[in-house]
Amino acid sequence: MQALLAPLTELAEYSEIKNCIHKEKTTVSISGCVDSQKLHMIYGLGDGIKYKVIITYSDLKAREIYEEYKFYDRNVMLYPAKDLIFFQADIRGKEMTRERMICFRKILSGEKVTIITTPDTFMAPVLPLATLQENCIHVERESVMEEAAIAKKLVRMGYEKTYQVEIPGQFSVRGGIIDVYDLTEENPYRIELWGDEVESIRRFDVLSQRSIEALSEVTIYPATEMILTLAQREDGLKKIEKEAKKTAEKLRDQKKIEEANRITKQTQQLAEQMEQFGVMANLDSYMKYFYETLSGFFDLFDPQKLLLVVDEPIRVKEHLEAVELEFRESMMQRLEKGYALKGQADLLYSAGQVLGAVNRQRLLLLSVLDGKQKAFPADETYHVDARNINSFQNSFELLLKDLKRYHKNGYRVILLSPSRTRAKRLSEDIYASDINCFYSEDKDRELKSGEIMVMHGQLSKGFEYLSLRMVVITESDIFGKRAAKKAKRKRYEGQKIHDFTELKVGDFVVHESHGLGIYRGIEKVCVDKVVKDYMKIEYRDGGNLYVLATGFDAVMKYASSDSKAPKLNKLGTQEWSKTKTKVIWHKL
């Protein structure tokens with residue numbers, strides 16, 4: 001990447017800034033930074049630092065930075081924040097857990113990584129790194145492994161036992177074969193046993209069931225951030241029930257009978273969900289009841305190997321304070337209405353605590369404007385003369401005019417295209433216009449004064465360093481952003497069920513794990529001498545699924561713009577995992 005990085009070394013303050021950043025607990029502020037140029041600066045200055053965490057002011061901006069930073073470094077991860085207001089209603093589910101767990105995996109394995117996130121991430125506590133490490137399973141060929149013990153541990157780690165694995169977060173055990181679809185992997189593992197000895201380990205394709213490669217060892221990472229032993233679950237539930245009883249009594253003393261009944265009923269439902277789903281129940285907001293010790297996000301890293309980058313510090317502080325205010329106000333109302341317990345309201349670190357933790361790290365602050373702010377006191381301040389590239393408004397003539405000016409003034413110019421074919425064609429078209437230009441795959445080629453190079457790569461916007469006489473122009477600067485073509489497809493929609501009265505026997509319903517079926521009413525089923533109400537859902541070829549009545553939030557009423565009756569799914573097959581991408585869930 002020397003084609004892009006080499007000019008940075010010509011900045012008068014570059015070496016000085018880099019030396020400051022490599023000192024412990026130093027805060028460096030750089031103003032004059034713009035959009036894509038910030039990532040260029042981060043990549044250059046952060047070279048040699050094992051862990052980089054980039055904090056920005058919104059989820060949308062975090063995703064933009066994540067997609068763009070991959071141009072510089074493929075080993076970049078997005079660490080999404082949990083919905084702090086509605087823990088129970090976070091519909092991102094396993095996908096969000098998967099993104100977060102991949103980050104944990106990188107840290108646990110000691111890999112170099114850049115993590116993109118938002119400041120509200122730091123408000124929620126996380127499990128200590130040692131707890132996550134203890135709850136990984138390492139398997140080697142020819143090692144001894146007890147099938148029942150591994151199955152039990154996988155359940156505790158958040159994996160769902162199924163007949164056949166179809167999606168990440170599942171495992172199956174049958175006849176000496178253990179299939180595990182690690183939440184952090186693209187393909188599942190197949191572990192074959194001979195007695196209690198591991199005979200072979202393979203990675204296989206989930207659709208064809210064919211082996212992809214043989215492995216000598218694997219490490220399986222947790223599929224949940226709520227890893228609980230049976231004792232922890234029981235003790236935590238007792239604490240919740242004790243506080244719920246105390247809260248209900250207090251509400252009754254205040255003549256709030258409805259609110260008291262609500263918190264009691266809610267706690268009973270939680271107990272039933274834990275009995276049915278175990279750690280699969282949504283327990284995130286109850287973390288303090290289950291763990292004696294929790295960690296902050298920064299406790300996951302060795303501070304000597306971490307660089308924290310704050311994108312627009314003032315906006316980050318404003319975002320953090322807005323999230324805290326919204327959370328506190330929401331929790332106050334929920335406590336008064338009997339929707340929450342005190343332990344849930346006290347779960348998060350305050351904005352002040354987060355800012356304090358951030359300022360104890362090695363910091364790089366990047367902003368457009370040269371404005372002083374008190375939230376992140378800087379030890380050293382610098383300014384760069386960078387600016388965005390103006391759009392060429394889809395005019396090739398304007399591009400040629402500017403390229404001639406850049407060449408005449410001795411600028412080093414790099415043009416980027418996300419398509420190698422288009423990049424080569426662009427180079428040829430510029431060269432045919434009597435401008436010396438060339439295409440290269442060599443990203444380490446250092447440009448000379450006046451050279452113009454086209455290369456494969458993608459950034460959202462181009463930028464210019466005035467003092468360095470360096471320009472990066474993107475395809476979107478020239479032709480505008482290309483609109484993604486939307487494939488026409490059949491759309492299925494699910495409408496959330498708020499009450500069983502909304503369902504009639506014979507209605508089509510969608511279960512989030514098993515797909516389309518027909519609602520056949522409520523039946524009483526005796527399990528372990530206890531009779532409970534279960535929702536019966538009929539599937540193709542006579543398959544029936546029984547869902548505990550308190551778990552109806554996993555079921556939605558089917559709705560479609562198509563008037564035809566939908567095709568039912570079949571239990572125990574991969575049909576639903578294939579269809580899932582065509583389903584749109586609306587949780588109101």
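Residues numbered from 1 in each chain as written. Predicted model: local features only at pLDDT ≥ 70, side-chain atom pairs only at ≥ 80, totals over all residues. Heavy atoms only, no water.

1. Considerations on the overall build of the protein
When helices and strands are counted, the protein shows 17 helices and 28 strands. Evaluated residue by residue, the protein yields a buried proportion of 51% over its 588 residues. When contacts within the protein are restricted to residue pairs at least 6 apart in sequence, those whose partners lie at least 24 apart make up 69%. Total accessible area on the protein is roughly 29,400 Å²; 48% of this is exposed by carbon and sulfur atoms. (Helix = DSSP H or I, 4+ residues; strand = E, 2+ residues; numbered from the N terminus. Buried < 20%, exposed > 50% of the residue type's maximum accessible area, 1.4 Å probe, protein only. Contact = heavy atoms within 4.5 Å. Areas by Shrake-Rupley, 256 points an atom, 1.4 Å probe, with all protein chains shown as cover.)

2. Considerations on unusual backbone geometry
Within the chain, D35 stands out as a residue other than glycine whose phi angle is a positive 25°. Position of D35 among the secondary structure elements: in helix α3 (residues 35-45). For D35, a relative accessible area of 28% translates into the label partly exposed. For K255, which is not glycine, the phi torsion reads 65° and is therefore positive. Among the structural elements, K255 can be located in the loop between α8 (230-253) and α9 (257-277). Relative accessible area serves as the criterion here: at 71%, K255 is assigned to the exposed category.

3. Some thoughts on the packing of aromatic side chains
Summed over the entire model, instances satisfying the criterion amount to 14 aromatic pairs. Aromatic pair F122 and F298: ring centres 4.7 Å apart, planes at 40°, arrangement tilted. Taken together, the residues span a long stretch of sequence, with F122 in the loop between β4 (113-117) and α6 (129-134) and F298 in the loop between α10 (287-290) and β13 (306-311) at a distance of 176 residues. Of the two residues, F122 and F298, both sit in the buried class. (Phe/Tyr/Trp six-rings, centres within 6.5 Å; stacked < 30°, edge-to-face > 60°.)

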